[in-house]
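Breakdown of the fold
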Amino acid sequence: MADKQSSKSAIKTEQLTMAYGDYVVQKNLTFDIKPQDIFIIMGSSGCGKSTLLKHFIGLKEPAEGRILYQSSTVAGRQSDYIDFWQSEESQRQQLMQRCGVLYQSGALWSSMTLAENIALPLGEYTDLPERDIMHLASLKLALVGLNGFEDYYPAEISGGMRKRAGLARALALEPDILFLDEPSAGLDPISARLLDDLILQLRDNLGCTLVVVTHELASIFTIGNNSVFLDAETKTMLATGDPNELVKHSEHETVRKFLTRGDGE
Ligand SMILES: Nc1ncnc2c1ncn2[C@@H]1O[C@H](COP(=O)(O)OP(=O)(O)OP(=O)(O)O)[C@@H](O)[C@H]1O
């Protein structure tokens, strides 16, 4: 697990250009994510937030530039950083096993109980016997406040609970880094607030680094201590840093306006 005092970055993004064919989504993205950051990817609709997440989790290759992962997140490596997209497929897979992902939909299998959903990655990536896997699945559910819900199906629980169950599944393999795509989308304000509290607890208790795509202002300020702002118009980042500082001190009006829902001068 990452050392809280470490000044090394958990992930470094260097001169990243993202494109679909000839269509450039964002260019020249350079920023660092530190261990135990709750790092927010923010910006208006269509600016490229989900696309950036895809670059981090191995679903989309950079048009230009690099994504570097701190090597302590991968066993047996000597060098400081691993250039994700230049490394061998097997190394990328090993690295991705250190990462948990919560997709926007929660992406639980509807035909499986919550416990079975969480057991799935454990069965695939560990040699643990069935009994231990089910025990671990219960522990992960308890971690997100869903103890006793092992035998429920996703359709039998609320949207907020489904998000928490998705989070439990993302936590199954004890990741160093968690990627969350719009975790509070579709939740009522109270459920969204509870999810924010849970995200903070996970960072504090498990020590993981979180990278969160969201445009919910309340969440951005409550959980985020670092961020990048992607601008759809100029197709590049306008700012990186603590959103609570950027709202007051960003040199870019676009950033201040976004963070004040249009009020920033
Ligand atoms: N598979 C794809 N092929 C081509 N273009 C795509 C693809 N996926 C996304 N895009 C385009 O790339 C741009 C960025 O999309 P992306 O979904 O990353 O934005 P976003 O910031 O996550 O948006 P939102 O906040 O609305 O979810 C958009 O113009 C989108 O239309």
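Residues numbered from 1 in each chain as written. Predicted model: local features only at pLDDT ≥ 70, side-chain atom pairs only at ≥ 80, totals over all residues.

As for unusual backbone geometry
Leaving glycine out, the prevailing phi sign among residues is negative, and the prevailing peptide bond configuration is trans. What counts here: Helix and strand assignments follow DSSP, with helices taken as H or I runs no shorter than four residues and strands as E runs no shorter than two, numbered in order from the N terminus. Around each residue's C-beta, the other C-beta atoms within 10 Å are counted; 20 or more make the residue buried, 12 or fewer make it exposed, and counts in between make it partly exposed. All C-beta atoms are placed from the backbone.
Of note, E174 is a non-glycine position whose phi angle comes to about 50°, a positive value. On the secondary structure map, E174 appears in the loop between α5 (159-170) and β7 (177-181). Accessibility expressed as a C-beta count within 10 Å gives 13 for E174, which makes it partly exposed. One non-glycine residue, E182, adopts positive backbone phi at about 45°. Turning to its location among the elements, E182 is positioned in the loop between β7 and α6 (189-206).

With respect to the nonpolar core
Stated precisely, the cut-off is as follows: Under the definition applied here, buried Ala, Val, Leu, Ile, Met, Phe, Trp, Tyr and Cys residues are grouped into a nonpolar core through C-beta atoms within 7 Å. These domain boundaries are the output of an automatic or database domain assignment. By the convention adopted here, residues make contact when the C-beta atoms placed from their backbones lie within 7 Å.
The biggest cluster of nonpolar side chains holds 67 residues, and the ones touching the most others in it are L141, F179, L210, V211 and V212. Of the residues forming this core, the biggest block, five residues, is contributed by strand β3 (residues 38-42). Two domains each provide a minimum of three residues to this core, namely domain 1 (8-98 + 179-259) and domain 2 (104-174). Ignoring sequence-local partners within four residues, the contact set of F179 consists of L53, F56, I57, C99, V101 and V211.

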